[in-house]
Every structure is written in C-alpha cells, then in structure tokens.
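Coordinate inspection notes
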Amino acid sequence: MIKDALFWEKHGDKVRCFLCPHNCIIADGQYGLCSVRTNMKGTLKTINYGEITAMAIDPIEKKPLRHFYPGSYILSVGSFGCNFSCGFCQNYSIAHYRAKSRYFSPEELEAECISLDRNIGIAFTYNEPSIWYEYVYDTSKLIKEKHKDLKIVLVTNGFIEEEPLSKILPYVDGMNIDLKSFREDYYKKICGGDLKHVLKTIERCYDKCHIEITTLLVSDLNDSIEEVEDIASYLAGLDKNIPLHLSRYFPNYKFYNPPTDINVMQRAKEVASKYLNYVHLGNV
Ligand code: SF4
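Residues numbered from 1 in each chain as written. Predicted model: local features only at pLDDT ≥ 70, side-chain atom pairs only at ≥ 80, totals over all residues. Heavy atoms only, no water.

This part is about the domain arrangement of the protein chain. We note that the domain assignment places domain 1 (3-46) and domain 2 (51-282) within the protein chain. Once you take the C-alpha centre of each, domain 1 and domain 2 turn out to be 25 Å apart. Residue-level contacts link 15 residues of domain 1 with 16 residues of domain 2. For the pairing of domain 1 and domain 2, the buried interface totals around 1300 Å² over both sides, and the portion due to carbon and sulfur atoms is 68%. If you sort the residues of domain 1 by the area they bury against domain 2, Phe 7, Leu 19 and Pro 21 come out on top, with a joint share of 39%. Here domain 1 and domain 2 share one salt bridge between them. In this structure, the salt-bridge partner of Arg 37 is Glu 134, at a minimum N-O distance of 3.0 Å. In this structure, the connection of domain 1 to domain 2 is made through six residue pairs in polar contact (both at pLDDT 80 or more). (Domains from an automatic or database assignment. Contact = heavy atoms within 4.5 Å. Buried area = accessible area lost by both parts, 1.4 Å probe. Salt bridge = Lys/Arg side-chain N within 4 Å of Asp/Glu carboxyl O. Polar contact = N/O pair within 3.5 Å; in protein donor to acceptor, adjacent residues only side chain to side chain.)

Shown next, in the form of structure tokens:
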C-alpha cells in the first residue's frame, strides 16, 4: 500500500528523506536508495506499507536472540526494500527486488499475532525493518498499547537516524543489530553504508532495550583476529553482557569467497570471549 512517509522535508523542487543517514534528495517520480520511498508530486511516499513478503513462526534463537525469552517462538514478518547493498545478502530476493507481497493492516497483523499459541510477539526481520518504518511503527505501537505482554523485536542493520529511532524505541523490547565490520571502508565498499551511524544506534539502544549483536565473518574480508578484538572490546566498553553472535559466511548473492574457515571462527570466539561474557558462533 502507498502511504505518506514520515521524516522528510522539501528541498527546493525535490524532497529530502531523513529516515536513514543516506539522506536521499529525491526528484519528482524518483526513488531513494532503498527503492521504496518515492517523491510523488512533491510528497514523500512509502510503497511497502503493510506489504508482507514473508511470514513464519520462528524460534527466537533464529533471529538470532539467545538471551531473550529462550525457547520461545515469535511471529516473524518482512517486506521488501533495504538501504544497504551487501554483496553477500542472505535475503536479496526480498531486500532488493519487489517480491510478491500480501497486504496486512496493523490490525490484521495484530489478530494474526494473538491467534498463535506460544507466540511471544512480532519480529520485524527478513528485510530491514526501518525501511518500512511507518508500518513497523504503527503496528508496534498498536500491539504494545493493547497487549503489554507481547514483545516487539527488530532485526536491523542499525542504519537509521536518531529521530525515527527515538520515536520507535519505547515500543521495542529486543533488537538484534548487525555490526558488519569495525572498518569504515568495509561499510562503504561492501555494504553501501557507514560504521559511525551503526555504532551510534548501538550506543542509543543498549541501555533502552535488550540488544544482541551479530557480525558475519566473511573470509579474507573482516575475519581478522584484530577486527574481532576491536568489535569485542568496543562492545565490552558499553556492557560486557551484550551477547555477540559471530556468524560464519557462506557464498551468496554476488560473493564467491570460500566459506569462513572453521578454525578462524573458533579462534574468533576465543578472542571475543576475553572481553565479553556471551559469545556465540552461528552457521557452524
Ligand atoms: S530511507 Fe530510503 S529514501 Fe530515505 S534516506 Fe534512507 S535510503 Fe534514502
């Protein structure tokens, strides 16, 4: 569904979106980098409001969240669109293409959520939750105001401006935030984003809701022990109890590097564990 977008302003005869730090300036009829926010005759619109491309009831550990209601299940939904362009994306068919979708109003998703046994809430995942912000915000607010016990989870790349993040945080219980690297050039070249904004998101969230961090270790790109140590010591500086998931890379989408060496994964865990109380390996 097409809806008025939040977080934009007129910029001459164009519009400037400030939902994420790309701050796209968009001419009439054009889209931002995420391909889902468009200037329609001088007004910024979002085209993926309520458009669900994937829905499943998943174990919470699959998000991954290992220290947030362990053993529970959560209704997991995603739309299409992303503000990053990671060459190894695991979900590229929905992140970067307009996948087939079905519209659910916030009330319909709420009804789905409460109809499921043993479901603790909703996880916005599969594509970047901030990229269908208006829907994620409306649904999260509706659910938290009506069902205090249900949980809202975001699985995010953390690339969002402060104002939209602050607006939604009161309705969020848990987040898994990707920290894809500790190097600015990796973020710029491989992901089309930047490190400093992701670090700001982590710093703004870690004491407001439950967070866990995931780093995909890509062979020969960001799997050096030095970089793992940088990530772990940075997180420990915030809170040694922030769980870190070190996830093993496998070739995907546009990336053909071999899978990350299992010995490198184990060594990375040992090193990170010198700083942090909870380090988990994924995809091993
Ligand atoms: S949300 Fe989309 S349109 Fe807005 S700044 Fe980010 S990439 Fe650009």
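Let us look at the packing of helix H7 (residues 225-238) against helix H8 (residues 262-272). Where H7 contacts H8, the axes come no closer than 9 Å and their chain directions differ by 35 degrees. The crossing of H7 and H8 is right-handed. When H7 is examined against H8, the residues Ile 225, Val 228, Glu 229 and Ala 232 are found in contact with a partner set consisting of Arg 267, Ala 268, Val 271 and Ala 272. (Axes fitted to C-alpha atoms, helices over the stretch in contact; angles between N-to-C directions. Helix = DSSP H or I, 4+ residues; strand = E, 2+ residues; numbered from the N terminus. Left-handed = near helix turned anticlockwise from the far one by under 90°.)

As a further point, take the pairing of strand S15 (residues 244-248). With five of its five residues buried, S15 lies for the most part within the structure. Burial along S15 is two-sided: Leu 244, Leu 246 and Arg 248 facing one way and His 245 and Ser 247 facing the other are all buried. Bridge count for strand S14 (residues 210-217) against S15 is five bridges, and the pairing is parallel. Bridging across to S15, Leu 216 finds its partner in Ser 247. Chirality of the crossover, the property in question, places the unit of S15, H8 and strand S16 (residues 279-282) among those that are right-handed. (Buried < 20%, exposed > 50% of the residue type's maximum accessible area, 1.4 Å probe, protein only. Pairing = 2+ DSSP bridges. Right-handed = clockwise from strand over helix to strand, strands pointing away.)

Next up on the list: the sheet that holds strand S3 (residues 14-17). Pairing in this open sheet of three strands is antiparallel, and the strands run S2-S3-S4 from one edge to the other. Each edge of the open sheet carries a strand with a single partner, namely strand S2 (8-11) and strand S4 (25-26). As judged from the two bridges shared by S3 and S4, these two strands associate in the antiparallel manner. Each residue of the ladder has a partner; that of Arg 16, found in S4, is Ile 25.

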